[in-house]
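# Structural features, examined
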Amino acid sequence: MEFEDLKKIWDTQNNEPMYAINETALHQRIHKHKNKTKLVANMNEIGIMIIATVTGGILVWDVIFDNNSMYALVGGLAFFLITLFVFFSRRNRKKNEHRFDQSMLGELDHAITNAGYIVTFARTFMWWFLLPASIFAYPNMVLHDAPWYRWVIVTGGFILSFLVVRWELNRIHLPRKKKLESLRDKLIGDREFS
C-alpha cells in the first residue's frame, strides 16, 4: 500500500474527514523497498567484481602463458584494482547496514541510503571503471595495430556501457530514490501533525 493509496474514512457521527493508515502494510512495503535496493546494490557490486576479476585474470594469463606484452599485465592489475575498489565500497556499505533500527522509519532510511549508494555508484561509473578500462584498451590497440573494426567495437562498447548506466540512473535509480525520500517526508510530516 503506497502512502497516496490511503483511504479516506468519514466519521459518521460528526461528518469530519479522518485518515487511516494501515501501518503494517506500509511497513511491509517499506521493507520490500529496502530489500530491493539492497539486492540491486549487491548485484551491481558482485557483477562488476566478477567482470573486473575475470578480465584482469585473462590479461594476466595472456602475459604469463602467451608471452603477451607487459602492457597487458598493467591492464590486468588495473582491473584487479577496480575489483578491490568495489570490494571495499561494498564492505563499507554493508558495515553501515546495522546502524538503522528495525522501525518503519529506520528501514525507510536504510532504503534511501542504499538508493543513494546506487545513484553514486552509477554516477561515478565512468571515472572508476570506463576511464581506467579505456586507458588500457586504446593504447593496447595502438601497440598491436588493431584493425578498424576492433576500434569500432571497443568504442561502441564504451559508449553503450555509458549510455546504459546513464539510462538506468535517470529512469530507475533517481526516481526510486526521490520516491522513497518523498514517502519519508510525508511520514515525518504526518507524525508532526499527529
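Everything below is about the structure shown above.
Think of each chain on its own: its residues are numbered from 1, step by step along the sequence as written. Selection of residues for local features in this predicted model requires a pLDDT of at least 70, selection of side-chain atom pairs for listing and counting requires 80 or more, and totals for whole chains, interfaces and linings are taken over all residues. Note that the side-chain values use all heavy atoms of the structure and ignore hydrogens as well as water.

Let us look at the overall build of the chain. Tallying secondary structure elements over the chain gives five helices and two strands in all. A helix here means a DSSP run of H or I that spans at least four residues, while a strand means a run of E at least two residues long, and both kinds are numbered starting from the N terminus. The linear arrangement of helices and strands in the chain, starting from the amino end, is β-β-α-α-α-α-α. Within the chain, the fraction of its 194 residues that count as buried is 37%. Any pair of residues with heavy atoms lying within 4.5 Å of one another is described as a contacting pair. Here the analysis covers contacts within the chain between residues at least 6 apart in sequence; of these, 72% occur between residues at least 24 apart. All accessible-area figures derive from a Shrake-Rupley calculation using a 1.4 Å probe, and residue coverage is judged against the displayed protein chains alone. Looking at the chain as shown, the accessible area adds up to about 12400 Å², and 63% of this sits on carbon and sulfur atoms. Between buried and exposed lies partly exposed: a residue is buried under 20% and exposed over 50% of the maximum accessible area for its type, with that area taken using a 1.4 Å probe on protein chains only.

All right, on to the packing of helix H1 (residues 23-65) against helix H3 (residues 104-123) then. Axis definition: a line fitted to C-alpha atoms, over the contacting stretch in the case of helices. Angles run 0 to 180 degrees between N-to-C directions. It is at 9 Å that the axes of H1 and H3 come closest, and there the two elements cross at 25°. Compared by their axis directions, H1 and H3 come out roughly parallel. Helix-helix and strand crossings are classified by hand; for H1 and H3 the assignment is left-handed. Just so you know the grouping, Ala, Val, Leu, Ile, Met, Phe, Trp, Tyr, Cys and Pro go in nonpolar, Asp, Glu, Lys and Arg go in charged, and all remaining residues, Gly too, go in polar. Taken together, the residues of the contact of H1 with H3 sort by class into 12 nonpolar, seven polar and five charged. Oblique is the label for any angle not under 35 degrees, not over 145, and not in the 65 to 115 range, which are roughly parallel, roughly antiparallel and roughly perpendicular in turn. The handedness criterion is simple: a crossing whose near helix is rotated anticlockwise from the far helix by less than a right angle is left-handed, and one whose near helix is rotated clockwise is right-handed.

Interhelical geometry of helix H2 (residues 70-95) versus H3 gives an angle of 165° and a closest axis separation of 12 Å. Here H2 lies roughly antiparallel to H3, going by the angle between them. The hand of the H2/H3 crossing is right-handed. On H3, the residues touching Val86, Ser89, Arg90 and Arg93 of H2 are Asn114, Tyr117 and Phe121. Looking at the contact of H2 with H3 residue by residue, the class counts come to three nonpolar, two polar and two charged.

Now for the nonpolar core. In terms of nonpolar packing, the biggest core is built from 27 residues, with Ile48, Phe79, Ile82, Phe125, Trp128 and Phe129 touching the most fellow members. Elements that contribute at least two residues to this core include exactly H1, H2, H3, helix H4 (125-143) and helix H5 (148-193). Ranked by size, the runner-up nonpolar core spans 11 residues in total, among them Leu26, Leu105, Leu108 and Leu183. What is meant by a nonpolar core is a set of buried Ala, Val, Leu, Ile, Met, Phe, Trp, Tyr and Cys residues, joined one to another through side-chain atoms within 4.5 Å.

The aromatic pairing rule takes the rings of Phe, Tyr and Trp, using the six-membered ring of Trp, and pairs them if the centres are within 6.5 Å, calling planes under 30 degrees apart stacked, those over 60 edge-to-face and the rest tilted. Counting across every chain of the model gives 13 aromatic pairs. Ring centres of Phe125 and Trp128 lie 5.5 Å apart, and the angle between their planes is 90°; this geometry places the pair in the edge-to-face category. Residue Phe125 and its partner Trp128 are located together in helix H4, separated by three residues, close to a single helical turn. For Trp128, a relative accessible area of 10% puts it in the buried group. Either the NZ atom of lysine or the CZ atom of arginine qualifies as a charge over a ring when it sits within 6 Å of the ring centre and within 35 degrees of the ring normal. When the ring centre of Tyr117 is taken as reference, the NZ or CZ atom of Arg93 above it lies at 5.5 Å.

This brings us to a nonpolar patch on the surface. Side chains of Ile46, Ile50, Val54 and Ile58 sit close together on the surface and give an oily, nonpolar patch of about 350 Å² of accessible area. Summarising the element assignment, Ile50 is placed in helix H1. Surface patches are drawn from residues lacking salt bridges whose relative accessible area is over 30%; two like charges belong together within 9 Å, two nonpolar side chains (Val, Leu, Ile, Met, Phe, Trp, Tyr) within 5 Å. Any carboxyl oxygen of Asp or Glu that lies within 4 Å of a side-chain nitrogen of Lys or Arg is treated as forming a salt bridge with it.

What follows covers the environment of Ile46. Mapped onto the elements of the fold, Ile46 is located in helix H1. Accessibility expressed as a relative area gives 37% for Ile46, which makes it partly exposed. Separated by 37 residues in sequence, Ile46 and Thr83 place their C-alpha atoms 9.3 Å apart.

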